[in-house]
Amino acid sequence: MKEKIRAQRGTKDILPNEEYKWNFLKKVFESTAKSYNFKIIKTPVFEATELFNRSVGETTDIVQKEMYTFKDKGGRSLTLRPEGTAGVVRAILEHGLCNFMLPLKVYYLDTFYRYEKPQSGRYREFFQFGCELFGSNLSEADAEVMHFAFKILDELSLANYIELKVNSVGCSRCKKKYFHALHEYFELKKSALCQMCLERLQKNPARILDCKSQQCENISLNAPITLDYLCNECYQHFESVKDKLKNLKLKYTVDPKIVRGLDYYTRTVFELVDNSLGAQKTVCGGGRYDNLVKEMGGRDLPALGFGLGVNRLLLALENHNIKIKKDDNLDLYIINVQEDLRSCAVVFCRVLRENFISCECDLLGRSLKAQLKYADRICARFVLVLGSEELEKKEADLKNLKTREIKKISLKKYEFATQIIKILK
Ligand code: ATP
Ligand code: MG
């Protein structure tokens, strides 16, 4: 036998028996987005590598270590998107979307790719639901975006397990001062830093704060915090964001350690954390990126957004034993008693589907008994038994598989579907 090819490390197949979970999540994402009037945006899976180098930042872990970058047959350097904001900013600039109507509010539900060490809650292909809001520098926008993320978790009954942590990293001037202070601090502790952080120290000392090594974490405990380096405007903005969160009755804690792993963030940064998830406990991360649109060649346009890890969301639901309701079962299975009635069953199915009734009939040439067993296994709500006698009389039995109740159904063209619809309801 030939050797089977297996899925790549860090990737997962989503199988039909999980469909109901994904359907449900998609519905929650879409309906919540609708209630905040965010509209979908779809961007390509791959982009020019340069896009991520410039936006996410050359010295970030994502760009340095985690990108799936390759040359296509035309010799272009392309990268599978590791995050959502860069592609969205590129698209809105390319289509001039922010020249029409502001605020511009978009969301996406897509796959992302990072070459990371696979473990629980950390994969090489993962799903994110994310949103971006362009055009507002008001603190109400910050609060609304955080509320949007929180609302999704609330809809999934996760609100009680989730902590909202907020911080401000300030504008580019505050960040510059802060990075300088961080550099000075870590320079003094240099001898105890891991090899990776020694490099980070030279290129981007803020990344040391994200290091997962215990020793570096300990050193980071007493590192300077961003809040001490905010200019007056950034300080006021953060105060105002906190006020707006209070207005919305959204509980939060200020966590001065949050800096987020992407360079583009300015001012507000936030995380939604579920402590039951262990090391991968950040379900959602986001914040402002007021300079990014300009840096990517657009005009000065404040913006903010978040990315919510859907795989981690599913883990959180599992951990808290929150069950997603299974989709409704198939409405009807049509059983053909004789082989030569199979094509007839197919036609009946077509009529029913035109009337939005979900149905199936035998496609494997099974015996009557085997068809009944199959209908039971797929949990069909009803079966219709089709024999030549039934066809002659233009009447057949419709059986409710749960109650075992049987009703006669007309097989006449204009009565068939209407009668079934009545009973299915
Ligand atoms: P982490 O600190 O866990 O590495 P991050 O800061 O890299 O997260 P973001 O880039 O802000 O995360 O992505 C937003 C969300 O996407 C994360 O909070 C997480 O839920 C999810 N996420 C990020 N990377 C992965 C991954 N490799 N596998 C699964 N989910 C991920
Ligand atoms: Mg990461």
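Residues numbered from 1 in each chain as written. Chains lettered and ligands numbered in written order. Predicted model: local features only at pLDDT ≥ 70, side-chain atom pairs only at ≥ 80, totals over all residues. Heavy atoms only, no water.

Enquirer: Is there a simple way to explain empty space enclosed by the protein in this structure?
Expert: The gaps of empty space that remain are located by a probe, the size of a water molecule, rolled over the atoms. This structure, assessed with the given rule, holds one cavity of 30 Å³ or more. Its volume calculated, the largest cavity comes out at about 70 Å³. Residue lining of the largest cavity: 13 residues in total, with Thr-43, Arg-81, Gly-84, Val-88 and Asp-110 positioned closest to the centre. Sorting the residues of the lining of the largest cavity by element identifies helix H4 (85-94) and strand E5 (104-113) as the ones contributing at least two each. Residue contributions to the lining of the largest cavity peak at three residues, all from E5. In terms of residue class, the lining of the largest cavity is built from five nonpolar, three polar and five charged. (1 Å grid on protein atoms, 1.4 Å probe; cavity = no way out; pocket = protein on both sides within 12 Å on 5 of 7 lines; lining within 4 Å. Points joined across faces, edges and corners; volume = space filled by probe spheres on them. Helix = DSSP H or I, 4+ residues; strand = E, 2+ residues; numbered from the N terminus. Nonpolar A, V, L, I, M, F, W, Y, C, P; charged D, E, K, R; others polar.)

Enquirer: Quick question: what am I supposed to make of the site of ligand 1 here?
Expert: Taken together, 16 residues surround ligand 1, and among them Arg-114, Glu-116, Arg-122, Tyr-123 and Arg-260 come closest. Glu-116 places a polar side-chain atom, nitrogen or oxygen, 2.6 Å from a nitrogen atom of ligand 1. A distance of 3.4 Å separates an oxygen atom of ligand 1 from a polar atom in the backbone of Gly-309. Compared with its free state, where it exposes 580 Å², ligand 1 has 89% of that area covered by protein. Contributions of two or more residues to the shell around ligand 1 are made by strand E6 (125-134), strand E10 (282-288) and strand E11 (303-309). If one sorts the elements of the shell around ligand 1 by residue count, E10 sits on top with four residues. Residue composition of the shell around ligand 1, grouped by class: five nonpolar, six polar and five charged. (Near = heavy atom within 4 Å. Polar contact = N/O pair within 3.5 Å; in protein donor to acceptor, adjacent residues only side chain to side chain. Areas by Shrake-Rupley, 256 points an atom, 1.4 Å probe, with all protein chains shown as cover.)

Enquirer: Can you help me understand the packing of aromatic side chains in this one?
Expert: Pairs of aromatic rings are described using the distance from one ring centre to the other and the angle between the two planes. Following the criterion strictly, the structure yields 19 aromatic pairs and no others. Between Tyr-36 and Phe-148, the ring centres sit 4.8 Å apart and the planes meet at 20 degrees, which makes this aromatic pair stacked. Within this pair, whereas Tyr-36 is found in the loop between helix H1 (19-35) and strand E1 (39-40), its partner Phe-148 is found in helix H5 (residues 139-155), the two being separated by 112 residues in sequence. Ring geometry for Tyr-185 against Phe-186: centres 5.1 Å apart, planes inclined by 75 degrees, an arrangement best described as edge-to-face. Across this residue pair, the class does not change: Tyr-185 and Phe-186 are buried. An aromatic cluster of three or more residues is present, and its members are Phe-29, Tyr-36, Phe-38, Tyr-107, Phe-129, Phe-148 and Phe-306. Directly above the aromatic system of Phe-112 lies the positively charged group of Arg-81, at a separation of 5.2 Å from the ring centroid. Above the plane of the ring of Tyr-115 lies Arg-124, whose end atom (NZ or CZ) is 4.0 Å from the centre. (Phe/Tyr/Trp six-rings, centres within 6.5 Å; stacked < 30°, edge-to-face > 60°. Buried < 20%, exposed > 50% of the residue type's maximum accessible area, 1.4 Å probe, protein only. Lys NZ or Arg CZ within 6 Å of the ring centre and 35° of its normal.)

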